[in-house]
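# Chain and residue survey
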Amino acid sequence: SHSVSLTEAMASGVVPIVTNVGGNRYIVDEDTGYLIDYPVEVEQVASLLRNLYVNRDKLRKKSIAARSRALDQFNIQKTLTELTKIYEELES
């Protein structure tokens with residue numbers, strides 16, 4: 001599964017904090033955001049947010065990396081090319 005809203009947010013420079021379920025682990029890595037355990041522990045998220053609030057440089061670097069990954073890996077042209085390959089393989 002692929003969360004379009006996740007990649008749209010990343011393309012806008014949002015640093016994702018998402019659960020480590022479904023396709024999230026294929027989109028977000030340690031350079032671009034945060035994968036947290038499910039079920040979510042509120043204190044873990046609060047601690048992470050406090051850390052990012054204090055360390056703005058880290059947040060900025062992850063924001064740039066998230067945007068770059070989204071634009072490079074999940075842009076519309078690349079997505080269409082990959083989907084076309086899949087459909088062509090199904091036809092044969």
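Residues numbered from 1 in each chain as written. Predicted model: local features only at pLDDT ≥ 70, side-chain atom pairs only at ≥ 80, totals over all residues. Heavy atoms only, no water.

Another point: the overall build of the protein. A count of helical and extended segments in the protein gives 5 helices and 2 strands. Secondary structure of the protein in N-to-C order comes out as α-β-α-β-α-α-α. The C-alpha radius of gyration computed for the protein amounts to 15 Å, which surpasses the reference 12 Å derived for 92 residues by more than 25%, pointing to a less compact arrangement than a globule. Residue burial in the protein is summarised as follows: out of 92 residues, 25% are buried. Put simply, of all contacts in the protein between residues at least 6 apart along the chain, 45% involve residues at least 24 apart. (Helix = DSSP H or I, 4+ residues; strand = E, 2+ residues; numbered from the N terminus. Rg over C-alpha atoms; globule rule 2.2 N^0.38 Å. Buried < 20%, exposed > 50% of the residue type's maximum accessible area, 1.4 Å probe, protein only. Contact = heavy atoms within 4.5 Å.)

Residues Ile76, Leu80, Leu83, Ile86, Tyr87 and Leu90 make up a contiguous nonpolar surface patch of about 650 Å² in total accessible area. Along the chain, isoleucine 76 falls in helix α5 (residues 76–91). (Patch = residues over 30% accessible without salt bridge, like charges linked within 9 Å, V, L, I, M, F, W, Y side chains within 5 Å. Areas by Shrake-Rupley, 256 points an atom, 1.4 Å probe, with all protein chains shown as cover. Salt bridge = Lys/Arg side-chain N within 4 Å of Asp/Glu carboxyl O.)

Moving on: the side chain of asparagine 24. Turning to its location among the elements, asparagine 24 is positioned in helix α2 (residues 24–27). With sequence-adjacent residues up to four places away left out, asparagine 24 is seen in contact with Leu6, Val18, Thr19 and Leu35.

Further remarks concern the side chain of threonine 7. Summarising the element assignment, threonine 7 is placed in helix α1 (residues 4–11). Residue threonine 7 is classed as buried on the basis of its relative accessible area of 8%. Leaving out residues up to four positions away in the same chain, threonine 7 has contacts with His2, Ile27, Ala70 and Phe74.

Another point: α5. Over its 16 residues, α5 runs 22 Å from end to end, which matches the ideal 22 Å to within 8%, given 1.5 Å per residue. Of the residues flanking the start of α5, the one acting as N-cap is asparagine 75, its side-chain oxygen 3.1 Å from the backbone nitrogen of glutamine 77. (Expected span 1.5 Å × (residues − 1). Polar contact = N/O pair within 3.5 Å; in protein donor to acceptor, adjacent residues only side chain to side chain.)

Let us now look at the packing of aromatic side chains. Using the criterion set out here, one finds 0 aromatic pairs in the structure. The ring of tyrosine 34 is capped by lysine 62, whose NZ or CZ atom sits 4.4 Å from the centre of that ring. (Phe/Tyr/Trp six-rings, centres within 6.5 Å; stacked < 30°, edge-to-face > 60°. Lys NZ or Arg CZ within 6 Å of the ring centre and 35° of its normal.)

Here the focus is the nonpolar core. If you look at the biggest cluster of nonpolar residues, it comprises 8 residues: Leu6, Met10, Ala11, Val18, Ile27, Val28, Ala66 and Ala70. The set of elements that each furnish at least two residues to this core consists of α1 and α4 (56–73). When residues in this core are grouped by element, the largest group, 3 residues, is from α1. Not counting the four nearest positions on each side in its chain, isoleucine 27 is found in contact with His2, Ser3, Leu6, Thr7, Met10, Thr32, Arg69 and Phe74. (Core = buried A, V, L, I, M, F, W, Y, C linked by side-chain atoms within 4.5 Å.)

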